[in-house]
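The primary structure of each chain is shown beneath.
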Amino acid sequence: MSPTTYASQVPLTSAEVAVLSKNNSNPSETTAATASTATQDASGGQPAAASAAAPELASTKIKLLGALRSFPDFPIPGIQFIDILPLFQDVSIHLSLLRALELQVLESGVKPDVIVGLDARGFLFGPSMALRLNAGFVPVRKQGKMPGPCVTVAYEKEYGTDYFQMQEGAIKPGQKVLVVDDIIATGGSAAAAGDLVKKLGGDLVGYLFILEIPFLKGREKLGGVPTTTLLETDG
Ligand SMILES: O=P(O)(O)OC[C@H]1O[C@H](OP(=O)(O)OP(=O)(O)O)[C@H](O)[C@@H]1O
Ligand SMILES: Nc1ncnc2[nH]cnc12
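Note that this is a predicted model, so its numbers are computed, not measured.

**A look at the sheet that holds strand β5 (residues 136-142)**
Taking strand neighbours across the sheet as the criterion, the seven strands line up as β6-β7-β5-β4-β8-β9-β10 in an open arrangement whose pairing is mixed. Two strands in the sheet have a free side with no partner beyond their single neighbour: β6 (150-157) and β10 (227-232). Neighbour-to-neighbour, the strand axes of this sheet turn through a mean angle of 25°, independent of strand direction. Sheet topology note: the strand β9 (residues 203-212)/β10 ladder contains five bridges and is parallel.

Structure, rendered in structure tokens:
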């Protein structure tokens, strides 16, 4: 099975082609695409105000899109799997990613006390973001990975059922929590993480993702909590 990259011209899915043409063909269109992926409510409405960081974010998004790869039929037939791991292979792209995520949070005006990252790809950038934002980092893990008393929820995701856990006491009641992950597909994982945060008494102030797959309508599961995505597939 050979991967396609978003930087190459062949052979991408129609959704990928739409993203690429929206972001690479015309810088002004890129800015429009950026606005459409800023902080939105669960219905996907437009952001309240134009972002001062929009030009920096727009060029960074083109760079990030060029590094993504897509694999058909992984991990099961019918899933078009988008591989974000190349974002971390190159120092410059990795730094750009962290800066873009930091900007998204700063632009939102929210100052989280805790970043919660989801097992496993939320662990790749959650702790780095936490340091930049002077916040703590707390993991949500798949069941059975952490010692001591834990709270547990079952959830459905794009390709199966799973269980998430957080350690009791990992979040103090009233702490402002931002949940981060690489991808929102059906939204099942993110919604489950939000449920755990609330079970521990945290104040769930937002969700932040690197990439959204909009046709799966994951936002609709997030109960109106402010949700920001850096990139999106079109479709
Ligand atoms: O919106 P959803 O449909 O819930 O899908 C998104 C989740 O699926 C992937 O994780 P996965 O469960 O594959 O775990 P991994 O990071 O360990 O591969 C991804 O990293 C998100 O956490
Ligand atoms: N299509 C997809 N690609 C990568 N990670 C995912 N997690 C859920 N759906 C995914």
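**Digging into the nonpolar core**
Nonpolar side chains in soluble globular proteins tend to be buried together. Ranked by size, the top nonpolar core spans 33 residues in total, and within it L87 and M129 carry the most contacts. Sorting the residues of this core by element identifies α3 (54-67), α4 (91-108), α5 (126-132), β8 (176-184), β9 and β10 as the ones contributing at least two each. With seven residues, the top contributor of residues to this core is α4. Once you skip the residues sitting within four places of it in the chain, L87 turns out to touch L64, A67, L68, I93, H94, L97 and I210. Judged by nonpolar contacts, the second largest core, of 26 residues, contains A190, A192, A193 and L200.

**Notes on the site of ligand 2**
Around ligand 2, the structure places I79, Q80, F81, I82, R121, E158, Y159, I183, A185 and I213. Within the contact set of ligand 2, a nitrogen atom lies 2.9 Å away from a backbone nitrogen or oxygen of I82. Note that a nitrogen atom of ligand 2 is positioned 3.1 Å from one of the side-chain N or O atoms of R121. For ligand 2, whose accessible area on its own is 260 Å², the fraction buried by protein is 92%. The pocket occupied by ligand 2, as judged from atoms lying within 2 Å of grid points, is the largest pocket. Across the shell around ligand 2, the residue classes break down as seven nonpolar, one polar and two charged.

**Looking at the environment of I79**
Inspection of the secondary structure assignment puts I79 in the loop between β2 (69-72) and β3 (80-83). Residue class for I79 comes out buried when judged on its relative accessible area of 8%. Sequence separation between I79 and Y159 is 80 residues, and the spatial gap between their C-alpha atoms is 7.7 Å. In contact with I79, other than residues within four places in its own chain, are F71, P72, D73, F74, E158 and Y159.

**Examining helix α6 (residues 188-199)**
The end-to-end C-alpha separation of α6 is 17 Å, in line with the 16 Å expected for 12 residues at 1.5 Å each. Three or more residues of α6 are buried, namely G188, S189, A190, A191, A192, A193, G194, L196 and V197. Those residues of α6 hidden inside the fold are in contact with β4 (114-118), β5, β6, β7 (160-167), β8 and β9. At the C-terminal side of α6, G201 shows a positive phi close to 90°.

**A closer look at unusual backbone geometry**
Here F74 and P75 are connected by a cis peptide whose omega angle stands at 0°. One can find P75 in the loop between β2 and β3. Residue D119 is joined to A120 through a cis peptide bond whose omega torsion reads 0°. On the secondary structure map, A120 appears in the loop between β4 and α5. A positive phi angle, near 60°, is found at D73, a position not held by glycine. Residue position: D73 is located in the loop between β2 and β3. In this structure, K217 is a non-glycine residue whose phi angle is positive, near 55°. By the element assignment, K217 lies in the loop between β9 and β10.

Basis of the calculations
- Residues numbered from 1 in each chain as written.
- Chains lettered and ligands numbered in written order.
- Predicted model: local features only at pLDDT ≥ 70, side-chain atom pairs only at ≥ 80, totals over all residues.
- Heavy atoms only, no water.
- Pairing = 2+ DSSP bridges.
- Helix = DSSP H or I, 4+ residues; strand = E, 2+ residues; numbered from the N terminus.
- Axes fitted to C-alpha atoms, helices over the stretch in contact; angles between N-to-C directions.
- Core = buried A, V, L, I, M, F, W, Y, C linked by side-chain atoms within 4.5 Å.
- Buried < 20%, exposed > 50% of the residue type's maximum accessible area, 1.4 Å probe, protein only.
- Contact = heavy atoms within 4.5 Å.
- Near = heavy atom within 4 Å.
- Polar contact = N/O pair within 3.5 Å; in protein donor to acceptor, adjacent residues only side chain to side chain.
- Areas by Shrake-Rupley, 256 points an atom, 1.4 Å probe, with all protein chains shown as cover.
- 1 Å grid on protein atoms, 1.4 Å probe; cavity = no way out; pocket = protein on both sides within 12 Å on 5 of 7 lines; lining within 4 Å.
- Sits in = over half its atoms within 2 Å of the grid points.
- Nonpolar A, V, L, I, M, F, W, Y, C, P; charged D, E, K, R; others polar.
- Expected span 1.5 Å × (residues − 1).

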